Amino acid sequence: MLTFTALGPFQAWADGTPLDLGGQRQRAVLARLLVAGGRAVPVNTLIDELWPGSPPAQALSTIQGYVSRLRRALEPGRAPREEAGVLVSASPGYALRARTEEVDAWHFGALMRTDGTPAQVWAAMESALGLWRGPALAEFGELSWAATEASRLEELRLIAVERRAGAGLTLGRATSLVADLEAHASAYPLREEAWRLLSVALYRMGRQGDALAALRRARAVWRDELGLDLSAGLKSLEADMLAQRLDEPQAAAPAAVREPGVLRVLVADDQALVRAGLRAMLESEAGVEPAGEAADGEEAIAAARAERPDVVLLDIQMPRLDGLAAARRILAGERPPKVVMMTTFGSDENLYAALRAGVSGFVLKTSAPEQFLAAIRAAAAGDALIDPAVTTRLIAAFAGRTDPASPPALAGLSDDRLDVLKLVARGLTDQQIGQTLALAEEEVGLVVKGLLEHLGLFDRAQLVMAAYESGLVTPGAK
């Protein structure tokens with residue numbers, strides 16, 4: 001049986017015996033295919049990622065040679081003309097074919113999606129953490145794709161530690177968890193969940209003073225490192241401890257976790273063909289996945305509440321309840337997803353009203369897949385409006401118009417905050433604003449958050465509208 005390990009030293013095994021995978025770059029080819037999760041990796045991508053910026057003249061033939069030698073190592077009994085079954089040709093490149101349980105990183109990801117009773121979650125997280133034998137993909141750390149994947153896997157590992165502890169507390173195992181949680185919080189002092197779990201475990205052992213001391217340590221670290229006080233959740237926990245209001249462990253299972261970086265997208269359109277095309281696009285793209293479908297506005301609202309997607313792609317014209325009304329109700333919910341309107345034409349009045357409601361922007365239904373994907377990622381990041389051609393036309397048509405629902409005037413805002421608002425209105429990201437104004441990206445994010453709170457808004461698109469409607473920025477101005 002062939003197995004592959006990446007959660008520690010990278011290796012392929014045949015019935016427990018390590019295989020000779022060749023030199024560093026040849027091993028990197030197999031590692032890159034493993035990271036792709038079974039999807040095909042184009043040869044050009046392999047070349048660009050194995051020799052960043054300076055591929056050799058014979059890079060193509062070199063890759064082909066690496067693949068040929070890896071195939072011999074992985075399937076030594078395969079006949080010369082027999083088709084490969086593990087490292088397969090998959091136009092326009094290659095793919096690794098293996099079962100989930102044969103690749104430790106894939107198996108780990110599957111275990112992380114476990115939901116159920118506390119006992120089931122505990123067992124799954126124990127198994128998931130048991131797969132780790134050291135830092136993931138460390139030998140390829142100088143390659144950007146490996147570093148990115150290693151960071152993703154490490155974040156998942158930390159979540160597994162916290163999910164295991166959460167389940168353990170529910171099962172009454174606080175005493176056995178304290179030492180591990182102390183080490184976890186000390187190693188990762190900016191993780192809110194680490195401090196919450198540690199303080200709760202100490203409290204349930206009868207060590208109320210130590211539990212409060214843990215929260216004081218968290219406060220000191222956050223003030224020193226971030227200039228911030230404790231989060232609202234930790235402050236509430238501290239108050240409950242002081243008032244001795246904490247209950248015994250609840251029977252409910254911890255909520256399931258999704259992999260960081262994976263965007264879940266709900267598609268709402270009354271045309272089955274459109275939904276099918278968008279679903280196929282989402283399923284074929286790394287980093288995004290479908291979170292359900294809806295054929296009308298009412299179904300979209302129900303699905304958004306049930307599935308908790310990151311982004312909703314919402315047709316503006318649908319039966320039963322149109323997209324505009326559905327968007328307003330979705331965005332009025334608790335912790336709403338981002339909403340991107342899909343439109344073929346649509347009236348300017350409706351599109352403008354949608355922006356006022358807080359949608360993140362628009363994408364034309366005739367757009368290419370890459371434009372949809374760019375729209376999804378931009379909306380999820382909250383950085384910019386989608387399809388500037390549409391939004392600029394709307395702003396030019398309606399800027400300066402009075403409306404009872406307009407946000408408060410911008411009077412009282414400091415010049416520094418107004419400078420940030422102007423750049424937000426120009427469509428710049430927090431990173432770009434920071435570079436322009438010589439501010440840290442995190443500081444820009446805090447200013448944007450403060451602007452939303454000051455104006456009683458909740459979405460960046462609404463900030464753009466406020467800047468234009470107030471006359472702070474005018475259409476076409478530089």
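Residues numbered from 1 in each chain as written. Predicted model: local features only at pLDDT ≥ 70, side-chain atom pairs only at ≥ 80, totals over all residues. Heavy atoms only, no water.

A. Representation of the packing of helix 8 (residues 192-204) against helix 10 (residues 232-242) in the model. Two elements in contact, helix 8 and helix 10, have axes separated by 10 Å at closest approach and are oriented at 10 degrees. If you check the angle between helix 8 and helix 10, you find them roughly parallel. Note on element contacts: helix 10 touches helix 8 through G233, L234, L237 and M241, opposite E192, W195, R196, S199, V200 and Y203. The residue inventory of the contact of helix 8 with helix 10, partitioned by class, reads six nonpolar, two polar and two charged. (Axes fitted to C-alpha atoms, helices over the stretch in contact; angles between N-to-C directions. Helix = DSSP H or I, 4+ residues; strand = E, 2+ residues; numbered from the N terminus. Parallel < 35°, antiparallel > 145°, perpendicular 65-115°, else oblique. Contact = heavy atoms within 4.5 Å. Nonpolar A, V, L, I, M, F, W, Y, C, P; charged D, E, K, R; others polar.)

B. Focus on the sheet that holds strand 2 (residues 11-14). Ordered in space as 1-2-3, the three strands form an open sheet in which the pairing is antiparallel. Two strands close off the open sheet at either side, each with one partner strand: strand 1 (2-5) and strand 3 (17-18). Looking at chain direction, strand 1 and strand 2 are connected through four bridges and run antiparallel. When the sheet's bridge partners are listed, T5 is paired in strand 2 with Q11. (Pairing = 2+ DSSP bridges.)

C. Up close: the sheet that holds strand 5 (residues 87-90). If you walk across this open sheet you meet the three strands as 4-6-5, and the pairing is antiparallel. Looking at which strands have only one partner, the edges of the open sheet turn out to be strand 4 (41-42) and strand 5. Sheet topology note: the strand 5/strand 6 (residues 93-96) ladder contains four bridges and is antiparallel. If you follow A90 over to strand 6, its bridge partner there is G93. In this fold helix 1 (residues 24-35) packs onto strand 4, strand 5 and strand 6, with an angle of close to 70 degrees to the strand it touches most, strand 6. Sitting on the sheet, helix 3 (residues 59-74) is in contact with strand 5 and strand 6, with an inclination near 140 degrees to strand 5.

D. Local environment of the environment of A167. Within the secondary structure, A167 is located in helix 6 (residues 144-170). According to the relative accessible area criterion, A167 is buried, its value standing at 0%. Each C-alpha atom of the pair A167 and W122 lies 5.6 Å from the other, and the pair is 45 residues apart in sequence. (Buried < 20%, exposed > 50% of the residue type's maximum accessible area, 1.4 Å probe, protein only.)

E. A look at the pattern of salt bridges. Within the structure shown, the criterion is met by 25 salt bridges. Linking E149 and R152 is a salt bridge whose minimum nitrogen-to-oxygen distance equals 2.8 Å. Separated by three residues within a single helix, E149 and R152 lie in helix 6, roughly one turn from each other. Several salt bridges converge on common partners, so that one network encompasses R219, R223, D229, K235 and E238. (Salt bridge = Lys/Arg side-chain N within 4 Å of Asp/Glu carboxyl O.)

F. Expanded view of the nonpolar core. Core analysis: the largest hydrophobic core is formed by 80 residues, its most contacted members being F4, F10, L30, L34, I63, L74 and F108. Ranked by the residues each element gives to this core, the list is headed by helix 6, at nine residues. With residues near it in sequence (within four places) discarded, L34 still touches F4, A6, F10, L96, V103, A105 and W106. (Core = buried A, V, L, I, M, F, W, Y, C linked by side-chain atoms within 4.5 Å.)

G. A look at the confidence of the model for the protein. Across the protein, pLDDT averages 84, with 86% of residues at or above 70. When pLDDT is averaged over each helix and strand of the protein, the minimum, 55, is found for helix 16 (residues 388-398) and the maximum, 96, for helix 1. Long-range and interchain partners of residues 402-407, a stretch whose pLDDT sits below 50, account for eight contacts in this model, where long-range means more than four residues apart. (pLDDT = per-residue confidence, 0-100.)

H. Quick peek at the packing of aromatic side chains. Counted under the stated rule, the structure contains three aromatic pairs. With 5.7 Å between their ring centres and 75 degrees between their planes, F10 and F140 make a pair best called edge-to-face. One end of the pair, F10, is in the loop between strand 1 and strand 2; the other, F140, is in the loop between helix 5 (118-130) and helix 6, and 130 residues separate them in sequence. Accessibility expressed as a relative area gives 0% for F140, which makes it buried. Both rings, one in F108 and one in W132, keep their centres 5.6 Å apart while their planes meet at 80 degrees; by these two values the pair is edge-to-face. With F108 in helix 4 (residues 104-112) and W132 in the loop between helix 5 and helix 6, this residue pair connects regions lying 24 residues apart in the sequence. One exposure class covers both F108 and W132, and it is buried. Ring pairs connect the aromatic residues F10, F140 and W145, which therefore count as one cluster. For R173, the ring lying beneath its charged end belongs to W122, and the centroid distance is 4.5 Å. (Phe/Tyr/Trp six-rings, centres within 6.5 Å; stacked < 30°, edge-to-face > 60°. Lys NZ or Arg CZ within 6 Å of the ring centre and 35° of its normal.)

I. Spotlight on the environment of I433. Relative to the helices and strands, I433 is located in helix 18 (residues 430-437). By relative accessible area, which is 0% here, I433 ends up buried. A C-alpha to C-alpha distance of 7.1 Å links I433 and V444, two positions 11 residues apart in sequence. What I433 contacts, discounting residues up to four positions off in sequence, is V420, L423, V424, L428, V444 and R460.

J. Inspection of unusual backbone geometry at higher detail. Each neighbour pair has its own omega, and for S91 with P92 the value is 10 degrees, a cis peptide bond. Residue placement: P92 occurs in the loop between strand 5 and strand 6. Notably, D15 is not glycine yet its phi reads approximately 50 degrees, a positive angle. Turning to its location among the elements, D15 is positioned in the loop between strand 2 and strand 3. We classify D15 as exposed; its relative accessible area is 62%. Of note, the phi angle at L137 is positive, near 55 degrees, even though the residue is not glycine. With respect to the helices and strands, L137 occurs in the loop between helix 5 and helix 6.

K. How the structure looks around the side chain of D269. Secondary-structure assignment places D269 in the loop between strand 7 (263-268) and helix 11 (272-283). Filtering out sequence-adjacent residues up to four positions away, D269 remains in contact with V274, R275, A294, A295, D315, M318, M342 and K365.

L. Quick look at a negative patch on the surface. A grouping of D415, D416, D419 and E443 is seen on the molecular surface, where their side chains present a negatively charged patch. Locating D419 in the fold gives a position in helix 17 (residues 415-425). Accessibility expressed as a relative area gives 31% for D419, which makes it partly exposed. (Patch = residues over 30% accessible without salt bridge, like charges linked within 9 Å, V, L, I, M, F, W, Y side chains within 5 Å. Areas by Shrake-Rupley, 256 points an atom, 1.4 Å probe, with all protein chains shown as cover. Lys, Arg positive; Asp, Glu negative; His and termini not counted. Charge placed at Lys NZ, Arg CZ, Asp CG, Glu CD.)

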